[in-house]
Amino acid sequence: MSTPTGARPATRGPGLRRFLTGREPRAERCGLCAVPVDEAHHRHLVDTEQRAIVCACLPCALLMQQPGAAAAGRFRAVPDRYLTDPDHTLDDGAWEALQIPVGVAFFFRNAALDRLVALYPSPAGATESELDPAVWKTVLGGSRLAALLEPDVEALLLRRVDGRVECALVPVDICYELVGRMRLLWQGFDGGAEARAALDAFFARVRERARDVGEESRP
């Protein structure tokens, strides 16, 4: 799935494509060594040249996690950490400043373009929103989550609900999974009951997996 802006990684690989097309996926294979992988239990890599997310077997994913691996090639392993920062709260004013037209968005740093990218789900897929760097710095730039954000492979996922904004650092592939689910389920003007229920369930799983950023230790 290409993008005219070149701003975000496209999603390829059957595991994510099923959310985008609704068609029966082909057998999962590792994007590096082509061995079959378990659809329910495998990792993803970001192909920084093609701006794509590809499936990976465990050995290849572990190889791409080794120190220096990302600098030596085009593939980067998507981490599996989920973090929240209870000390950093956002309100409706912060959301309005970001100028996101819907209630969900995610932000990641594109290393090749050396800039932050803001995307939100829509019936057409992931839609880019113009992001003023000054606004980002004011609203999110000083947070501990933003400081830990790994380029290309992690995102800050935000949801506005009941006058407050949830924020979590997540693997970037789950953001595209969410986009695909919303595109597949969306009905009518506001998405419909099924899409809203899927959104609630998705963020419930994120909250279950997330741990306090204060527990994160870095070498």
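What counts, and at which threshold
- Residue numbers restart at each chain and count upward from 1, following the sequence in its written direction.
- A pLDDT threshold of at least 70 governs which residues receive local features in this predicted model, and a stricter bar of 80 or more applies before side-chain atom pairs are shown or counted, although totals over entire chains, interfaces and linings include all residues.
- Note: side-chain values were computed over all heavy atoms of the structure, leaving out hydrogens and water.
- By definition, any uninterrupted DSSP run of H or I lasting at least four residues is a helix, any uninterrupted run of E lasting at least two residues is a strand, and each is numbered from the N terminus.
- Residue exposure (1.4 Å probe, protein chains only): buried if accessible area is under 20% of the type maximum, exposed if over 50%, otherwise partly exposed.
- The contact criterion used is simple: two residues touch if any of their non-hydrogen atoms lie within 4.5 Å.
- Pairs were defined over the aromatic rings of Phe, Tyr and Trp, the Trp ring being its six-membered one, requiring ring centres within 6.5 Å. Orientation was assigned from the angle between planes: stacked under 30 degrees, edge-to-face over 60, tilted for the rest.
- Put simply, a salt bridge is a Lys or Arg side-chain nitrogen that is within 4 Å of an Asp or Glu carboxyl oxygen.
- Strand pairing requires that DSSP identify at least two bridges connecting the strands.
- Side-chain atoms within 4.5 Å link the members of a nonpolar core, which is a set of buried Ala, Val, Leu, Ile, Met, Phe, Trp, Tyr and Cys residues.

Q: Honestly, the overall build of the chain in this entry has me stumped. Any pointers?
A: Counting its regular elements, the chain contains eight helices and 12 strands. Among the 219 residues that make up the chain, the fraction classed as buried is 48%. Taking the contacts inside the chain whose residues are at least 6 apart along the sequence as the reference set, 63% of them involve residues at least 24 apart.

Q: Teacher, can you tell me more about the packing of aromatic side chains here?
A: The relative placement of two aromatic rings is captured by the distance of their centres and the angle of their planes. One pass over the structure, following the stated rule, counts three aromatic pairs. Judged by centre distance (5.8 Å) and plane angle (70 degrees), the rings of F202 and F203 are edge-to-face. Side by side, F202 and F203 carry an identical accessibility label, which is buried.

Q: Can you walk me through unusual backbone geometry in this structure?
A: What you tend to see is this: most non-glycine residues have negative phi, and most peptide bonds are trans. Although it is not a glycine, A34 sits at a positive phi angle of roughly 70 degrees. Mapping A34 onto the fold places it in the loop between α1 (14-21) and β2 (43-47). Classification of A34 as partly exposed rests on a relative accessible area of 42%. The phi torsion at Q99 lies on the positive side, around 60 degrees, for a residue other than glycine. Looking at the secondary structure, you find Q99 in the loop between α4 (92-98) and β7 (104-110).

Q: Can you walk me through the pattern of salt bridges in this structure?
A: A side chain of one charge can pair with a side chain of the opposite charge when the charged atoms of the two come close. Within this structure, the stated rule accounts for 12 salt bridges. The closest approach of N and O atoms between R144 and D87, which form a salt bridge, is 3.3 Å. Taken as a pair, R144 in helix α6 (residues 144-148) and D87 in the loop between β5 (83-84) and β6 (90-91) lie far apart in primary sequence, 57 residues in all. Given the relative accessible area of 36%, R144 is considered partly exposed. Where E166 meets R207, a salt bridge forms, and the shortest distance between an N and an O atom there is 2.8 Å. Taken together, the residues E166 in strand β11 (residues 164-171) and R207 in helix α8 (residues 192-209) connect sequence positions 41 residues apart. Relative accessible area serves as the criterion here: at 12%, E166 is assigned to the buried category. One network of salt bridges, in which partners are shared, links D47, E49 and R74.

Q: How should the pairing of β11 be read in this particular structure?
A: Along any regular strand the residues' side chains alternate between the sheet's two faces. For β11, the buried fraction is high: seven of the eight residues fall into the buried class. Where β6 meets β11, two bridges bridge the pair, whose relative direction is antiparallel. What sits directly across from L90, in β11, is V165. Pairing geometry for strand β10 (residues 154-161) and β11, over eight bridges, is antiparallel. Of the residues in β11, the one forming a bridge with E154 is P171. Once β10 ends, the chain turns through two residues before running back antiparallel as β11, passing D162 with a positive phi of about 55 degrees.

Q: Is there a simple way to explain the nonpolar core in this structure?
A: Across soluble globular proteins, nonpolar side chains show a tendency to be buried alongside one another. Judged by nonpolar contacts, the single largest core of 30 residues is most densely connected at F106, L157, V170, Y176, L178 and V206. Those elements that place two or more of their residues in this core are β7, β8 (115-122), β10, β11, α7 (172-185) and α8. Grouped together as the second largest cluster of nonpolar side chains are 25 residues, A94, L116, Y120 and A146 included.

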